[in-house]
Amino acid sequence: MVGINERERRMARKGMEAVRRQQLIEATLHVIHDQGLQATTLGRVGQQAGISPGLVAHYFGDKRQLLAATYLSLVRSLGREYRAARAGTAAGLPRVRAIIDANFAASQSGEVIVSSWLSFWAQVNHVPSLARIQNVVTRRLESNLTHALSAFLPRPEAVRLAEGLGVMIDGLWLRASLRTGGLDVDAARALAHRYLDSELHALTGGPHAESA
């Protein structure tokens, strides 16, 4: 039987490994922001983190696995915003609005995070592991929106509106993040809400009650 001290040491090692992995993911995000995805290497990530490339490989294996883990960390951050939106608001329209806001939250709008999202998006069609992760992102957004909209709309209409909102949110976020279309994050968020209001007006013949 493993003694209590040995178990504690193993738990401590696992805790330190998790901390180190997160540090390396943060370093990867900064390298992507500064030099681009193609120029991101284990060596440059190690240099950013102040450790050897060998240690980066020890934790992640190779560049492909490191990038997949980094992309997954962005997805998990967005997932936390969705969970907060679901937990902190009433069911129905307030929750739909909270889910929209989650996509434009401060945690998703910093320049390092934005650069990384854009870099990964550009590779999704070429890297199957990234495509699988992006599919999760798309399904999660539409599922969250559909569930919230179904509280006050028939499900077929909820599904259609959720799909439209998902496309609208992605497009607005991309336009705002590129900073080439005269649109900032606050303006993008407002446009997404106006799209929602317009679609609800078309479906219901009038403005929908916030408490629905």
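These numbers were taken from a predicted model, which means no experiment stands behind them.

Participant: What is the right way to read helix 5 (residues 93–103) from this model?
Facilitator: The α-helix winds at 3.6 residues per turn, so residues separated by three or four positions along the chain end up facing the same way. Extensive coverage of helix 5 is indicated by the burial of 9 of its 11 residues. Within helix 5, the full set of buried residues consists of L93, R95, V96, R97, A98, I99, I100, A102 and N103. Taken together, the buried residues of helix 5 touch helix 4 (63–87), helix 6 (106–109), helix 8 (128–149), helix 9 (155–178) and helix 10 (185–204).

Participant: What exactly am I supposed to notice about the side chain of S77 here?
Facilitator: Turning to its location among the elements, S77 is positioned in helix 4. Ignoring any residue separated from it by four or fewer positions in sequence, one finds S77 in contact with S107 and Q108.

Participant: Help me understand the packing of helix 5 against helix 10 in this model?
Facilitator: The axes of two packed helices give the description: the angle between them and the distance between them. At their nearest, the axes of helix 5 and helix 10 sit 10 Å apart, and the two run at 150° to each other. At the point where helix 5 passes helix 10, the crossing takes the right-handed sense. Residues L93, V96, R97, I100 and D101 of helix 5 pack against R189, A192, H193, L196, D197 and L200 of helix 10. Across the contact of helix 5 with helix 10, the residue classes break down as 6 nonpolar, 1 polar and 4 charged.

Participant: So what exactly am I meant to see when it comes to the pattern of salt bridges here?
Facilitator: A pair can form between side chains of opposite charge whenever their charged atoms are brought close. The final tally for this structure, using the stated rule, is 4 salt bridges. Between R189 and D101 there is a salt bridge, with the nearest N and O atoms lying 3.9 Å from each other. Taken as a pair, R189 in helix 10 and D101 in helix 5 lie far apart in primary sequence, 88 residues in all. R189 gets classed as partly exposed once you look at its relative accessible area, which sits at 22%. Taking the relative accessible area as the measure of exposure, D101 reaches 31% and is therefore partly exposed. Among the ionic pairs, R189 bridges to D186, the shortest N-O distance being 2.9 Å. Here R189 pairs with D186, and both are found in helix 10, just 3 residues apart, close to one helical turn. Residues participating in the shared-partner salt-bridge network are D101, D186 and R189.

Participant: Looking at this model, I keep getting lost on empty space enclosed by the protein. Mind explaining?
Facilitator: Think of a ball as big as a water molecule: rolled over the atoms, this probe shows where empty space is left. Counted by the stated rule, this structure contains 1 cavity of 30 Å³ or more. The calculated volume of the largest cavity comes to roughly 170 Å³. Taken together, 13 residues line the largest cavity, and the ones lying closest to its centre are L78, N103, W121, V137 and D170. Partitioning the lining of the largest cavity into residue classes produces 8 nonpolar, 4 polar and 1 charged.

Participant: I would appreciate a short explanation of the layout of surface pockets in the present structure.
Facilitator: The computed volume of the largest pocket comes to approximately 290 Å³. Contributing to the lining of the largest pocket are 16 residues, with Q22, I25, S73, L74 and R76 lying nearest its centre. When residues of the lining of the largest pocket are traced back to their parent elements, those giving at least two are helix 1 (4–35), helix 4 and helix 6. In terms of residue count, helix 4 provides more of the lining of the largest pocket than any other element does, 7 residues in total. Along the lines of polarity and charge, the residues of the lining of the largest pocket split into 7 nonpolar, 5 polar and 4 charged. Viewed by domain, the lining of the largest pocket spans two of them, domain 1 (1–61) and domain 2 (63–211), each represented by three or more residues.

Definitions and cut-offs
- Every residue gets a number counted from 1 within its own chain, in the order that chain's sequence is written.
- Since the coordinates come from a predicted model, pLDDT governs what is reported: local features require at least 70, and pairs of side-chain atoms require 80 or more to be given and counted, while whole-chain, interface and lining totals use all residues.
- Only heavy atoms go into the side-chain values, all of them from the structure, while hydrogens and water stay out.
- For each residue, the accessible area found with a 1.4 Å probe, counting protein chains only, is set against the maximum for its type, and the residue is called buried under 20%, exposed over 50%, and partly exposed in between.
- A helix here means a DSSP run of H or I that spans at least four residues, while a strand means a run of E at least two residues long, and both kinds are numbered starting from the N terminus.
- Residues count as neighbours in contact if any of their non-hydrogen atoms are within 4.5 Å of one another.
- Angles shown run from 0 to 180 degrees and are taken between the N-to-C directions of axes, each axis being a line fitted to C-alpha atoms and, for helices, limited to the stretch in contact.
- Should the near helix be turned counterclockwise from the far one by less than a right angle, the crossing is left-handed, whereas a clockwise turn marks it as right-handed.
- Side-chain classes are defined by residue name, with Ala, Val, Leu, Ile, Met, Phe, Trp, Tyr, Cys and Pro counting as nonpolar, Asp, Glu, Lys and Arg as charged, and the others, Gly among them, as polar.
- A side-chain nitrogen of Lys or Arg and a carboxyl oxygen of Asp or Glu constitute a salt bridge if their distance falls within 4 Å.
- Grid points spaced at 1 Å and placed over the protein atoms alone form the basis of the search, with a cavity being a set where a 1.4 Å probe fits but cannot get out and a pocket an open set showing protein on both sides within 12 Å along at least five of seven lines. Lining residues have an atom within 4 Å of a point.
- Grid points are joined across faces, edges and corners, and a volume is the space filled by probe spheres set on the points.
- Bear in mind that the domain bounds are from an automatic or database domain assignment.

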